[in-house]
Amino acid sequence: MKDKTRRDFLYTAASGAGAVGTLAAVEPFMRALQPAADTLAASTTEFNVSTVAPGELKTVAWRGQPVFVLHRTPEMLKDLHGHDDLLRDPMSHAVPEVQAEWMKTDEQRVTRSIKPEYLVLSAVCTHLGCIPGFEPTPGQEAWGNIVPPDWPGGFHCACHGSNYDLSGRVFNHVPAPHNLHVVPYKYIHDTTILIG
Amino acid sequence: MIDKMLDSKVAGWVDDRTHLIRYIRFHLIDYPTPKNLNYWYAFGSIALLILVLQIVTGVFLAMDYKPSAILSGGGFSVAFDSVERIMRDVNDGWLIRYMHAVGASAFFFVIYLHMARGMYYGSYKKPREFLWMMGVFILIFMQAIVFFGYLLPWGQMSFWGATVITNIIGAIPFVGDWLLQLVRGGFSVGDPTLNRFFALHFLFPVLLGIVVLWHVMALHVVHSNNPVGVEASEKNIIPFHPYYTVKDLFGIGVFLIIFCWFVFYHPTGFGLMIETDNFNPANSMRTPADISPVWYLTPWYEILRSVPNKLLGIAGMALAYVCLFLLPWLDRSPVRSARYRPVYRSLLLIFFVSIVVLGYCGHHPVTPMLTVVGRTASVIYFSFFVLLPFIHKFEKTKPLPEDI
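Residues numbered from 1 in each chain as written. Chains lettered and ligands numbered in written order. Predicted model: local features only at pLDDT ≥ 70, side-chain atom pairs only at ≥ 80, totals over all residues. Heavy atoms only, no water.

Engineer: Mind showing me how you'd approach the overall build of chain B here?
Structural biologist: When you go through chain B residue by residue, the secondary structure sums to 15 helices and two strands. On C-alpha atoms alone, chain B measures out to a radius of gyration of 23 Å, which is about the 22 Å that the 2.2 N^0.38 rule sets for 404 residues. Structurally, chain B occupies a C-alpha span of about 70 × 60 × 40 Å along its principal axes. Counting every position in chain B, which comprises 404 residues, the buried fraction comes to 50%. Within chain B, counting contacts between residues at least 6 apart in sequence, those at least 24 apart form 78% of the total. Of the roughly 20100 Å² of accessible surface on chain B, 72% is carried by carbon and sulfur atoms. Mean positive and mean negative side-chain charge positions of chain B (30 and 24 charges, respectively) differ by 7 Å. (Helix = DSSP H or I, 4+ residues; strand = E, 2+ residues; numbered from the N terminus. Rg over C-alpha atoms; globule rule 2.2 N^0.38 Å. Buried < 20%, exposed > 50% of the residue type's maximum accessible area, 1.4 Å probe, protein only. Contact = heavy atoms within 4.5 Å. Areas by Shrake-Rupley, 256 points an atom, 1.4 Å probe, with all protein chains shown as cover. Lys, Arg positive; Asp, Glu negative; His and termini not counted. Charge placed at Lys NZ, Arg CZ, Asp CG, Glu CD.)

Engineer: How should the nonpolar core be read in this particular structure?
Structural biologist: Side chains of a nonpolar character, in soluble globular proteins, are inclined to be buried together. Residues Leu208, Tyr344, Tyr381, Phe384 and Phe385 of chain B are the most contacted members of the largest nonpolar core, which totals 104 residues. Broken down by element, this core gets its largest block of residues, 15 residues, from helix H6 (residues 93–120) of chain B. When residues are assigned to domains, this core turns out to be shared by domain 2 (38–291) and domain 3 (297–404) of chain B, each giving three or more. The contact partners of phenylalanine 384 of chain B, leaving out residues within four places of it in the chain, are Met119, Leu327, Tyr344, Leu347, Leu348 and Phe351 of chain B. Core analysis: the next-biggest nonpolar cluster, separate from the first, contains 42 residues, Leu80, Met103, Tyr185 and Tyr187 of chain A among them. (Core = buried A, V, L, I, M, F, W, Y, C linked by side-chain atoms within 4.5 Å. Domains from an automatic or database assignment.)

Engineer: Just checking my understanding: could you explain the interface of chain B and chain A for this structure?
Structural biologist: Many analyses report the size of an interface as the accessible area lost when the parts associate. Contacts between chain B and chain A engage 13 residues on the former and twelve residues on the latter. At the boundary of chain B with chain A, the tally comes to two salt bridges. Its salt-bridge partner being arginine 85 of chain B, residue aspartate 38 of chain A comes within 2.4 Å of it at the nearest N-O pair. Put simply, chain B and chain A have seven residue pairs in polar contact (both at pLDDT 80 or more) between them. Within the residue set of the side of chain B that touches chain A, elements represented by two or more residues are helix H4 (43–62) and H6 of chain B. Partitioning the side of chain B that touches chain A into residue classes produces eight nonpolar, two polar and three charged. (Salt bridge = Lys/Arg side-chain N within 4 Å of Asp/Glu carboxyl O. Polar contact = N/O pair within 3.5 Å; in protein donor to acceptor, adjacent residues only side chain to side chain. Nonpolar A, V, L, I, M, F, W, Y, C, P; charged D, E, K, R; others polar.)

Engineer: Explanation requested: the pairing of strand E7 (residues 162–165) of chain A in the structure shown.
Structural biologist: Strand residues, when the strand is regular, have side chains that alternate between the two faces of the sheet. Residue and element names in this part refer to chain A. Residues of E7 alternate between two faces, with Ser162 and Tyr164 on one and Asn163 and Asp165 on the opposite face, all of them buried. With four bridges joining them, strand E6 (residues 154–157) and E7 adopt antiparallel strand pairing. Residue pairing in the sheet places glycine 154 in a bridge with aspartate 165 of E7. Joining the antiparallel neighbours E6 and E7 is a turn of four residues, in which glycine 161 adopts a positive phi near 75°. (Pairing = 2+ DSSP bridges.)

Engineer: I'm lost on the state of the cysteines in this one. Help?
Structural biologist: Working definition of a disulfide: a covalent bond connecting the sulfur atoms of two cysteines. All names here are of chain A. Considering all chains together, one arrives at one disulfide over all chains under this definition. Two residues, cysteine 130 and cysteine 159, share a disulfide whose sulfurs are 2.1 Å apart. An S-S torsion of about -95° defines the bridge between cysteine 130 and cysteine 159 as left-handed. Of this pair, cysteine 130 sits in the loop between strand E4 (118–122) and strand E5 (133–135) while cysteine 159 sits in the loop between E6 and E7, and the two are 29 residues apart along the sequence. For cysteine 157, which is in no disulfide, the shortest distance to another cysteine sulfur is to cysteine 125 and amounts to 3.9 Å. (Disulfide = S-S within 2.5 Å.)

Engineer: What should I look at first to understand the domain arrangement of chain B in this one?
Structural biologist: Residue and element names in this part refer to chain B. With domains assigned, chain B is organised as domain 1 (1–30), domain 2 (38–291) and domain 3 (297–404). For domain 1 versus domain 2, the distance between C-alpha centres works out to 33 Å. Taken together, the contacts link six residues of domain 1 with six residues of domain 2. Taken together, the connections running from domain 1 to domain 2 amount to zero salt bridges. Between domain 1 and domain 2 we count three residue pairs in polar contact (both at pLDDT 80 or more) in total. No other element matches helix H3 (residues 20–29), which puts four residues into the side of domain 1 that touches domain 2.

Engineer: Could you clarify how one ought to interpret a nonpolar patch on the surface in this entry?
Structural biologist: Together, Val26, Met30 and Leu33 of chain A together with Ile55, Val59, Met63 and Phe202 of chain B line one region of the surface with nonpolar side chains, adding up to about 590 Å² of accessible area. Relative to the helices and strands, leucine 33 of chain A is located in helix H1 (residues 3–33). (Patch = residues over 30% accessible without salt bridge, like charges linked within 9 Å, V, L, I, M, F, W, Y side chains within 5 Å.)

Engineer: What exactly am I supposed to notice about the side chain of serine 158 of chain B here?
Structural biologist: One can find serine 158 of chain B in helix H8 (residues 156–170). The residues contacting serine 158 of chain B, other than those within four sequence positions of it, are Tyr150, Leu151, Pro153 and Asn278 of chain B.

Engineer: What is the right way to look at the sheet that holds strand E2 (residues 57–62) of chain A in this model?
Structural biologist: The strands that make up a sheet pair up through hydrogen bonds in the backbone, lying either parallel or antiparallel. Residue and element names in this part refer to chain A. Spatially, three strands are ordered E2-E3-E4 in an open sheet, and the strand pairing comes out antiparallel. The two strands at the open ends of the sheet, each matched to only one other strand, are E2 and E4. Each neighbouring strand pair of the sheet contributes to a mean axis angle of 25°, computed without reference to strand direction. Bridge analysis of strand E3 (residues 65–71) against E4 gives five bridges, and the strand direction is antiparallel. (Axes fitted to C-alpha atoms, helices over the stretch in contact; angles between N-to-C directions.)

Engineer: Would you mind going over helix H13 (residues 310–330) of chain B with me for this structure?
Structural biologist: An α-helical turn contains 3.6 residues, so any two residues separated by three or four positions project in the same direction. Residue and element names in this part refer to chain B. With 21 residues, H13 extends 28 Å from end C-alpha to end C-alpha; this agrees with the ideal 30 Å at 1.5 Å per step. In H13, a bend of some 40° at leucine 324 exceeds every other bend along the element, and proline 328, a proline, comes one to four places later. For H13, the set of buried residues is Gly313, Ile314, Gly316, Met317, Ala320, Tyr321, Cys323, Leu324, Leu327, Pro328 and Leu330. At its buried positions, H13 is contacted by H6, helix H7 (129–151), H8, helix H12 (298–306) and helix H15 (368–394). In this structure asparagine 309 caps H13, since a side-chain oxygen of it lies 2.9 Å from the backbone nitrogen of leucine 311. (Expected span 1.5 Å × (residues − 1). Bend = angle between axes of the 7 residues up to and from the residue.)

Engineer: Is there a simple way to think about the domain arrangement of chain A in this case?
Structural biologist: According to the domain assignment, chain A consists of domain 1 (3–34) and domain 2 (41–195). If you average the C-alpha positions of domain 1 of chain A and of domain 2 of chain A, the two centres end up 50 Å apart.

Engineer: Teacher, can you tell me more about the sheet that holds strand E1 (residues 45–48) of chain A here?
Structural biologist: Residues and elements named next belong to chain A. Spatially, E1-E9-E8 is the arrangement adopted by the three strands of the open sheet, whose pairing is antiparallel. Strands with a single pairing partner mark the edges of an open sheet, and in this sheet they are E1 and strand E8 (185–187). Across the sheet, the mean angle separating the axes of adjacent strands is 25° when strand polarity is ignored. By the bridge criterion, three bridges tie E8 to strand E9 (residues 192–195) in an arrangement that is antiparallel. Bridged to tyrosine 185 within E9 is isoleucine 195.

Printed below as a string of structure tokens:
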């Protein structure tokens, strides 16, 4: 090899090895910024849904964020039908976060819960993360004109005015892009769910 | 490639507005250096690298560390638990903490060699007196920083080390008690002490960084000395880049291999870098059998311990630093390098040995034998500075070369 080529090769090889070494040294620091093992270990929450009375909404903390548990009455479940034209994504197809593995039938895509009466959803507005308020009474009686005249009952986010129905499905013409997210949960007992 | 980058239009645009590119050229590329600098001259760059490593690892540790002496659920303290959490639960937290702890020892090791180099080649002499004094200041600053930092894990050594050292302040006449409470924020080392030490352990390194930058800028005004100690002629001057950037990078490579060996195989440095007793949580009701500072503080601690009087001991330790500050004026010989000064060379080597002996004694519990050895070493330490103003009168220096 000529001297010049040899020198260029050594220069490139040495700087290349140095660059790879530096990148490797950055890796543990990037890993250290990820949640620690104990933080991840604290990421499941158990909840007994039978403590929620019919028509009542309870908020459960999971990973430091609120989760809605709503005990829907048969009327509430019936009212979920018939306002699909008001909704942006009535069958929850838009993104993976609004769906779940157990959502198999059309009915499950409407009720968005494993047991229809117990709705378990993330309480975080998909717009910028506020917690929406709950008002199951249809019409403008309770909230006035901040909700549309044909309001079927549901959740209203006061921060930027997003609306969701009693299945957490987002309305048209509001800032929130998606339905309220489904959280991973399962029944570990007849009335006990494990979130996470 | 570097030249291409610095000559680019973007670089020119930035330079016209900030002078950034000409600072880089002046300090890192064109900086004129004598061509005979040996590997002893790499310790400055290595120390700079360690400073950066300490700041980076320190910031990451601070993200998970909690400075609280309040009892935790497990019966230890929040601070101790948070350190253990870093070691067990935080991803790669053990690595970052050990890098930080070994880094502290490495920093002192490298700085002591850096200073020994300066003393051996007479780098403290005119026109580099101020550069030397800044260096001594940096050393004292570093000692304050590790002292604050060593309290943070809130182990037995943290607690009792801080108790003993802060008590030194209490011995200062008239204002001692007042000053002691000011430092501790209470009647004893406790939660307020831990909180303020954490704040100071964060603040001081930032200030240290500024002083270090000033130290480097000042060096580039008076330029590097060299092993021969005479001014190099024009033809023996070479630019810093690529000659010393490459040489320093090689030195850094060797350093990192040793550093990694400690981090991965002996992170506690055989009980010297993290003392074994510090894995026990702090207990204000029980003093460990043997308290000694970490190795890099032991020589100064031994001088303090050698004097059988509390106040005079502190004065002795302070005098040890003052002597270092005054070194450029105590040494009156016009010849710089010890290579041409046989008497100075012998005295200096004995001086170095005395510091190692002081360090050894300071690390071990007091025995009658070690007390005698420690006192002898202390006397030798100060004798060096006492003799220094006189040796040029009878020392027969070897003939100096015209050029390097």
